[in-house]
Amino acid sequence: MNAARGFEFSHSFKTDGVSVRLLYERPKYIPKKQPRQGVPKRGLYAIDTLKHLSGLTVDEMQVIGFDPGMIDLIHCVDPDRILETQPIGEPPASLVYTAARRKHETCSVLYRKRMEELAIKNEMTLYSKRSTDRDVLLSYFDARRSGSISLNAFYGDLRYRIRRWRSFQKEQRSIQKLIDRMEGMRTKETMVLAYGSAVSAISKLRPKGVAPCINMGLRHRLSKHFVVVDTPEHYTSQICSVCHCQCGPFTELEEQRRKELKLKKEQETVGCSCTSDAKPYAHKRCHEIRGLRRCQNVECGVILHRDRNAAINIATNFRRLYSGQQLPRETTAADFKLVTALQALN
């Protein structure tokens, strides 16, 4: 007996003692097994996606912690080798790529100064083309129209085209140097870059006095050569990477710096008449040392570099999440009050 279309014999029957009914069923759909892609060589992944694709353990890969920033664009550390003394010829355990280094390698300062001179000369910096106010927008058009002759002469010059092309070449060469230096940190076949997830928020910041950075573009460029994984970095700069306790400012060094600034200010003001409207000798931000942190644990008390400590903690967060463990609990307001009370007692 032929089965109906889409059904097959289920190797069973049902009877009431007189008649017999053969049972048929639809075959269960068994999806074809996708061939494992293997360990990724490059790209931007989530932690769970990388764990599913690679099938490796944490010990089988080299995890590099990345802390993005605006002054130090990236600060990457290999936490397994950072405390070891690196012999000559061995791969480095840490690497820093700063905005100042990028400016030096791309020679962008001279071009920026030339553009600023033109902008100031044309008074275009006083107006905004994105304003919704009609008068401000018309003022911008008037300033642009008045300076169109000098702008056309500058942009129409062949040297401007050559300068732009050379700047592009130097920028590509600077990024390639960074990639080569990072490749020199490799000690295992699989190297994972645990990139701090705050890179998207940093790229949207526009603080006064700080030039725009290329954090998102840099992460995209690195993902073409390495395995890059977004990793949470909340409170990574406020937790000690040695004992995982609370970190705070280096108060002893800040106090010494405050005294030095006070003495220097007193020496400068000797013999001169100062008015009562003069600013105090040392504002709080003048003697703060943001790049150094000190563990508030009495038994530890280690002095840490802020960005390096954050990079180590980011790598630790990746290891915990990849292994299915929970992250250290977030620091609460009660923890800060407890640390402040302990500092007052000491």
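The structure displayed is predicted, hence computed values, not measured ones.

Thresholds, definitions, all that
- Residues numbered from 1 in each chain as written.
- Predicted model: local features only at pLDDT ≥ 70, side-chain atom pairs only at ≥ 80, totals over all residues.
- Heavy atoms only, no water.
- Helix = DSSP H or I, 4+ residues; strand = E, 2+ residues; numbered from the N terminus.
- Contact = heavy atoms within 4.5 Å.
- Areas by Shrake-Rupley, 256 points an atom, 1.4 Å probe, with all protein chains shown as cover.
- Buried < 20%, exposed > 50% of the residue type's maximum accessible area, 1.4 Å probe, protein only.
- Lys, Arg positive; Asp, Glu negative; His and termini not counted.
- Salt bridge = Lys/Arg side-chain N within 4 Å of Asp/Glu carboxyl O.
- Pairing = 2+ DSSP bridges.
- Axes fitted to C-alpha atoms, helices over the stretch in contact; angles between N-to-C directions.
- Phe/Tyr/Trp six-rings, centres within 6.5 Å; stacked < 30°, edge-to-face > 60°.
- pLDDT = per-residue confidence, 0-100.

Engineer: Explain the overall build of the chain residue by residue, including any values.
Structural biologist: Within the chain one finds twelve helices and eleven strands. Summarising the internal contacts of the chain: among those between residues at least 6 apart in sequence, 68% fall at separations of at least 24. Entry remark: accessible area of the chain is about 23900 Å², with carbon and sulfur atoms responsible for 53%.

Engineer: If you had to explain the side chain of Arg221 to someone new, which residues and values would you point to?
Structural biologist: Relative to the helices and strands, Arg221 is located in helix α8 (residues 215-222). For the buried residue Arg221, which engages in no salt bridge, the nearest side chain bearing the opposite charge is Glu171, 7.3 Å off. Setting aside anything within four residues of it in sequence, one finds Arg221 in contact with Gln172, Ile175, Gln176 and Ile179.

Engineer: Outline the pairing of strand β6 (residues 94-98), supporting the account with residue identities and numerical values.
Structural biologist: Judged by which residues are buried, β6 turns out to be one-sided: Leu95 and Tyr97 face inward and are buried, whereas Ser94, Val96 and Thr98, on the alternate face, are not. Looking at chain direction, strand β5 (residues 72-77) and β6 are connected through five bridges and run antiparallel. Its bridge partner being in β6, Cys76 is matched across the sheet by Leu95.

Engineer: Pulling in residues and values, what's your account of the sheet that holds strand β3 (residues 43-45)?
Structural biologist: Strand order in the open sheet made by the six strands is β3-β8-β7-β4-β5-β6, with mixed pairing throughout. This sheet does not close on itself; its edge strands, each paired only once, are β3 and β6. When the angles between neighbouring strand axes are averaged without regard to direction, this sheet yields 25°. Across the sheet, α8 is in contact with β3, β4 (62-68), β5, β6, β7 (191-196) and β8 (227-231); its angle to β7 comes to roughly 165°.

Engineer: Can you explain the packing of aromatic side chains? Please cite residues and give values.
Structural biologist: Counting across every chain of the model gives five aromatic pairs. Relative to Tyr195, the ring of Phe66 has its centre 5.2 Å away and its plane inclined at 20°; by these criteria the two rings are stacked. Of the two residues, Phe66 is situated in strand β4 and Tyr195 in strand β7; the sequence distance between them amounts to 129 residues. Residue classification places Phe66 among the buried positions, given a relative accessible area of 0%. Taking relative accessible area as the criterion, Tyr195 reaches 0% and is therefore assigned buried. Ring centres of Trp165 and Phe168 lie 5.7 Å apart, and the angle between their planes is 25°; on these two criteria the pair is classed as stacked. Separated by three residues within a single helix, Trp165 and Phe168 lie in helix α6 (residues 158-183), roughly one turn from each other.

Engineer: Please set out the confidence of the model for the chain residue by residue, giving values where relevant.
Structural biologist: In the predicted model, the chain carries a mean pLDDT of 77, and the fraction of residues at 70 or more is 76%. At the low end of the mean pLDDT range in the chain sits helix α10 (residues 284-287), at 58; at the high end sits β8, at 90. Below a pLDDT of 50 lies the segment residues 273-282, which in the model reaches six contacts outside its immediate sequence neighbourhood of four places, other chains included.

Engineer: A description of the sheet that holds strand β10 (residues 292-295) should follow, citing residues and the corresponding values.
Structural biologist: Strand order in the open sheet formed by three strands is β9-β10-β11, with antiparallel pairing between adjacent strands. Each of the sheet's edge strands pairs with one partner strand only, and the pair in question is β9 (247-248) and β11 (303-305). The pairing of β9 with β10 spans two bridges and is antiparallel. By the bridge assignment, Gly248 is partnered in β10 with Arg294.

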